[in-house]
Amino acid sequence: SYYCGLCKTLKSEYGFASRMGLSYDITFLVLLLSSLSDKPESICMQRCIANPFRKKSVVEKNQLYEYPAAVNVLLTVAKLKDDWKDEHSFRALFCLPLFWRSRQKAQKKYPGLYEKIKDHINTLSLLEKEKCDEIDKLAHEFGMVLQIIFDAPDLTENERRIFMHMGYCLGRFIYIADAYEDREKDKKEGSFNPFLLSDKPVDVQMLKTSLLFTLSDVSNSYQLLNIKRNRTILDNIIYLGLTESLEKVFGANLCKNEGELMNERSV
């Protein structure tokens, strides 16, 4: 319902094309922001362009969507520019003009945000061009992108620190897990992947343990928030969904054995 609500907000605020960059990461931010609010939300049944014959439940547009929708647009533009610069992607080149007006509108609402996001994406792109094989250095830059994105307005100072730390840890987790999972695909395509640059074998045990500690930091931060609604959904994502994604990438056996680490640190 939140995902569909973000999609419809993007269309109404930034036009049809803006929905091409719809992100689950930003939907999670919407859900997290909503969980702190006392304001009532309205859910209605609406039709979707993806399936016009069946109505879906949608959280109707409200003030909480304003910042995430703008972030979604700016992040998509930064990613398209990076794809064109690094890969000469004609898809990215074609899509960029479609985002010109929406980018201007989002930048006007949140001055300086695009530049902050772009700086870290550019640094990450430069490191990849230099064939950096330090996975933590690369993951740090992507973590900083999500840290900036999760620094949402109208949060208390304590909530702001928690959100930013959660964003950084999620960005680090996403970059490392994706890079490890994409090794074979990147090898076939000749794409950059830090795990393919070193002659030494990957210490899978250490990598898994590192990511489990990263997820435990996410869960510890989450427990500091005053959650007012949607706790069941958020618990499912943080305590089950993220761990399951780790199992998918690295294999279930070790993750299940070490998964207790995350719960123990959370307690």
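Counting starts from 1 at the beginning of each chain's written sequence and moves along it residue by residue. A pLDDT threshold of at least 70 governs which residues receive local features in this predicted model, and a stricter bar of 80 or more applies before side-chain atom pairs are shown or counted, although totals over entire chains, interfaces and linings include all residues. Only hydrogens and water are set aside when side-chain values are computed; all heavy atoms of the structure are taken into account.

Located in the positive-phi region is Lys 131, a residue other than glycine, with phi close to 55 degrees. For Lys 131, the location among the structural elements is in the loop between helix H6 (113–129) and helix H7 (135–149). Residue Lys 131 is classed as exposed on the basis of its relative accessible area of 55%. We note that Asn 230 has phi near 60 degrees; this positive angle belongs to a residue other than glycine. Elements are defined by DSSP. Helices are runs of H or I of four residues or more, strands are runs of E of two residues or more, and each kind is numbered from the N terminus. Tracing the sequence through the fold places Asn 230 in the loop between helix H10 (204–222) and helix H11 (231–250). Only protein chains enter the calculation, and the probe is 1.4 Å; a residue is then buried if its accessible area is under 20% of its type maximum, exposed if over 50%, and partly exposed in between.

As a further point, take the nonpolar core. Most often, soluble globular proteins have nonpolar side chains that are buried together. Within the largest apolar cluster, 75 residues are counted, with the highest numbers of intra-cluster contacts made by Ile 117, Phe 150, Phe 163 and Met 166. Top element by residues in this core is helix H8 (residues 157–181). It accounts for 12 residues. If near-sequence neighbours (up to four positions away) are discounted, Met 166 is found in contact with Phe 28, Leu 32, Val 218, Ser 221, Tyr 222, Leu 225 and Ile 238. Only buried residues count toward a nonpolar core. Its members are Ala, Val, Leu, Ile, Met, Phe, Trp, Tyr and Cys residues joined through side-chain atoms within 4.5 Å. The contact criterion used is simple: two residues touch if any of their non-hydrogen atoms lie within 4.5 Å.

Ring geometry is summarised as follows: Phe, Tyr and Trp rings, the Trp one being its six-membered ring, pair when their centres sit within 6.5 Å, and such pairs are stacked at plane angles under 30 degrees, edge-to-face over 60 and tilted between the two. A complete count under the given rule lists 7 aromatic pairs for this structure. Seen in terms of ring centroids, Phe 28 and Phe 150 are 6.4 Å apart; in terms of plane orientation they differ by 40 degrees. Their pairing is tilted. Taken as a pair, Phe 28 in helix H2 (residues 24–35) and Phe 150 in the loop between H7 and H8 lie far apart in primary sequence, 122 residues in all. Exposure remark for Phe 28: the relative accessible area of 11% places this residue in the buried category.

We now examine the packing of H2 against helix H3 (residues 66–87). Contact geometry for H2 and H3: axes closest at 10 Å, N-to-C directions at 165 degrees. On the basis of their axis angle, the class for H2 and H3 is roughly antiparallel. When the axes of H2 and H3 are compared, the crossing they make is right-handed. Two secondary-structure elements touch here, H2 through Ile 26, Leu 29, Val 30 and Leu 33 and H3 through Tyr 67, Pro 68, Val 71, Asn 72 and Leu 75. Note on definitions: angles span 0 to 180 degrees between N-to-C directions of axes, and those axes are lines fitted to C-alpha atoms, for helices only across the stretch in contact. When describing relative orientation, an angle under 35 degrees is termed roughly parallel and one over 145 degrees roughly antiparallel, while 65 to 115 degrees is termed roughly perpendicular and anything else oblique. The crossing is said to be left-handed when, going from far helix to near helix, the turn is anticlockwise and less than a right angle, and right-handed when the turn is clockwise.

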